[in-house]
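Spelled out, the chains give:
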Amino acid sequence: MSDMPPASRYTYLGPEGTFTEAALHTLPEAATRELTPTVSVPAALDAVRNGEAQGAFIPIENSVEGGVTATVDELAGGRRLMIYREVLLPISFALLVRPGTTLENVKTVTGHPVAQPQVRKWLAAHLPDAVWESAASNADGARLVQEGRYDAAFAGEFAAARYGLEALVTDVHDAENATTRFVLVGAPGRPAAPTGADKTSVVFWLRGDQPGALLEALHEFASRGVNMMRIESRPTGAGIGQYFFSIDCEGHVQDRRVGDVLMGLRRSCREVRFLGSYPRADAQEPTVRSGTSDEDFVSAADWLSRCLDGRD
């Protein structure tokens, strides 16, 4: 770490040349921050928890592989952090090699574990005998190729110049429109004001392992017309069958229906961790079901007040 104040620093999953770094540069404030790569998601988040950085920028979800487990687990454990922004980045890989390497020369391939499912069919068709070994990140895979540890790495084409490599093949992907979602995480604070196109993230632990426990928690969302955009279960580490649940839903915590969901979870679950409300990267506004708007909640509360006062 340099001597710059924490408020001027963002950490991100490194090394230089990752898709994470490319996505981070789409944030306007990145131009005014010191951007410090870290070796892992936990290291990026620990810098925020320890007061060494204002924010950590990390991947959380991929449209092909699903949730990034290191991020989901880290946000559920340790001192609480909050999500303040999200970025969606289309992902397409290049096969990076040392200059002069041909496809016939490629016997070993590396890349981030999340990259492998996105290029598995291409590998089977073009490099069926190549041995895959995972790297800490795609850019780290490029570095290992530069050092001669592997013959090729799947990474962003933009990483080739950084590591003195060539893009032997470009635009490699098994699924069209593959996208990775990244989040900017900081210390807990007041969420940004609602924009009308927001997302709320929360983690919860069920009170007990009884029939209908998860259904009861999910009913909090359904009964208030709050659409869940992602739900993922992860083991707590306490034993087989012990899980916590990570959910993203439409709306902002200041929306009455969303706030009511969180209060319902707090009543019915053993533990709830609020991870923030923040603008959706796609700026898509939710469809609010009849009877669940803020006006409907205010009207219902006013009716109840009149009942208690004997005015209705």
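Residues numbered from 1 in each chain as written. Predicted model: local features only at pLDDT ≥ 70, side-chain atom pairs only at ≥ 80, totals over all residues. Heavy atoms only, no water.

1. With respect to the overall build of the chain
Definition in use: Starting at the N terminus, helices and strands are each numbered in turn, a helix being any DSSP run of H or I of at least four residues and a strand any DSSP run of E of at least two. Buried, partly exposed and exposed residues are distinguished by accessible area as a fraction of the type maximum, computed with a 1.4 Å probe on protein chains only: under 20%, between the cut-offs, and over 50%, respectively. In this description, contact between two residues means that some pair of their heavy atoms is separated by no more than 4.5 Å. Only the protein chains shown count as cover for residues, and all accessible areas are computed by the Shrake-Rupley method using a 1.4 Å probe.
The secondary structure content of the chain amounts to 9 helices and 15 strands. In terms of overall dimensions, the chain has a C-alpha envelope of 85 × 45 × 35 Å along the principal axes. Residues classed as buried in the chain amount to 47% of the 312 residues present. In the chain, 76% of the contacts between residues at least 6 apart in sequence involve partners at least 24 apart. Working note: accessible area of the chain is about 14,900 Å², and carbon and sulfur atoms make up 51% of it.

2. Re the sheet that holds strand β15 (residues 269-279)
Selection rule: The pairing criterion is simple: DSSP has to find at least two bridges between the two strands. Here an angle of 0 to 180 degrees is reported between the N-to-C directions of two axes, which are lines fitted to C-alpha atoms, with helices fitted over the stretch in contact.
The 4 strands lie next to each other as β13-β14-β12-β15, forming an open sheet whose pairing is antiparallel. One side of each edge strand has no neighbouring strand; the edge strands of this open sheet are β13 (228-235) and β15. Mean inter-strand twist for the sheet, computed between neighbouring axes without regard to direction, equals 15°. In this fold helix α3 (residues 69-76) packs onto β12 (198-206), β13, β14 (243-250) and β15, with an angle of close to 80° to the strand it touches most, β13.

3. Points about a nonpolar patch on the surface
Convention followed: Every patch collects residues that have over 30% relative accessible area and no salt bridge, joining them within 9 Å if they carry like charges and within 5 Å if they are nonpolar side chains (Val, Leu, Ile, Met, Phe, Trp, Tyr). What counts as a salt bridge is simple: a side-chain nitrogen of Lys or Arg found within 4 Å of a carboxyl oxygen of Asp or Glu.
A grouping of Trp303, Leu304 and Leu308 is seen on the molecular surface, where their side chains present a nonpolar patch of about 360 Å² in accessible area. Positionally, Trp303 belongs in helix α9 (residues 294-308).

4. Some thoughts on the packing of aromatic side chains
Heads up, the condition is: A pair of Phe, Tyr and Trp rings is counted when the ring centres sit within 6.5 Å of each other, with Trp represented by its six-membered ring. The angle between the planes then sorts it: under 30 degrees is stacked, over 60 is edge-to-face, the rest tilted.
Under the counting rule described, the total for this entry stands at 8 aromatic pairs. Ring centres of Phe93 and Phe154 lie 6.5 Å apart, and the angle between their planes is 85°; on these two criteria the pair is classed as edge-to-face. Of this pair, Phe93 sits in strand β6 (residues 93-97) while Phe154 is found in strand β9 (residues 152-155), placing the two residues 61 residues apart along the sequence. Owing to a relative accessible area of 3%, Phe93 belongs among the buried residues under this scheme. Of the residues examined, Phe154 reaches a relative accessible area of 0% and is grouped as buried. An aromatic cluster of at least three residues, connected via ring pairs, comprises Phe19, Phe93, Trp122, Trp132, Phe154 and Phe158.

5. Examining the UniProt feature "site: Essential for prephenate dehydratase activity" (unreviewed entry) in the chain
As a reminder, the rule being used: UniProt positions are given in the numbering used here, feature names are shortened, and annotations may be inferred rather than shown by experiment. We call two N or O atoms a polar contact when they sit within 3.5 Å, provided that within protein one can donate a hydrogen and the other can accept it, with sequence-adjacent residues counted only if both atoms are side-chain atoms.
Per the UniProt record, "site: Essential for prephenate dehydratase activity" (unreviewed entry) is annotated on Thr180. Along the chain, Thr180 falls in strand β11 (residues 179-186). The exposure class assigned to Thr180 is buried, which follows from its relative accessible area of 9%. Engagement of the side chain of Thr180 in a polar contact is seen with the side chain of Asn62, the distance being 2.8 Å.

6. Some details on the packing of helix α8 (residues 256-268) against α9
Axes are the key here: two packed helices are described by the angle between their axes and the distance separating the axes. Stated precisely, the cut-off is as follows: Orientation categories follow fixed angle ranges, with anything under 35 degrees roughly parallel, anything over 145 roughly antiparallel, 65 to 115 roughly perpendicular, and all other angles oblique. Only Asp, Glu, Lys and Arg are considered charged, only Ala, Val, Leu, Ile, Met, Phe, Trp, Tyr, Cys and Pro nonpolar, and every remaining residue, Gly among them, polar.
Viewed as axis vectors pointing N to C, α8 and α9 meet at an angle of 65°, and their least axial separation amounts to 8 Å. With respect to α9, the axis of α8 lies roughly perpendicular. Taken together, the residues of α9 that come into contact with α8 (itself represented by Arg256, Arg257 and Asp260) are Asp294, Phe297, Val298 and Ala301. Residue composition of the contact of α8 with α9, by class: 3 nonpolar, no polar and 4 charged.

7. Focus: the sheet that holds β6
Taking strand neighbours across the sheet as the criterion, the 5 strands line up as β8-β7-β9-β6-β10 in an open arrangement whose pairing is mixed. What marks the edges here is a single partner per strand, and that holds for β8 (131-134) and β10 (166-172). Looking at each pair of strands side by side, their axes are set apart by 25° on average, direction ignored. Where strand β7 (residues 108-111) lies against β9, 2 bridges are found, and the strand directions are parallel. Paired with Thr110 across the strands is Ala153, a residue of β9.

8. Here's the deal with the pairing of β14
The side chains of a regular strand alternate, first on one face of the sheet and then on the other. Within β14, 7 of the 8 residues are buried, which leaves the element mostly enclosed by the surrounding structure. The pairing of β12 with β14 spans 6 bridges and is antiparallel. Bridge pairing in β14 places Lys199 opposite Glu250. Across 7 bridges, β13 lies against β14 in antiparallel orientation. Residue pairing in the sheet places Glu232 in a bridge with Ser246 of β14.

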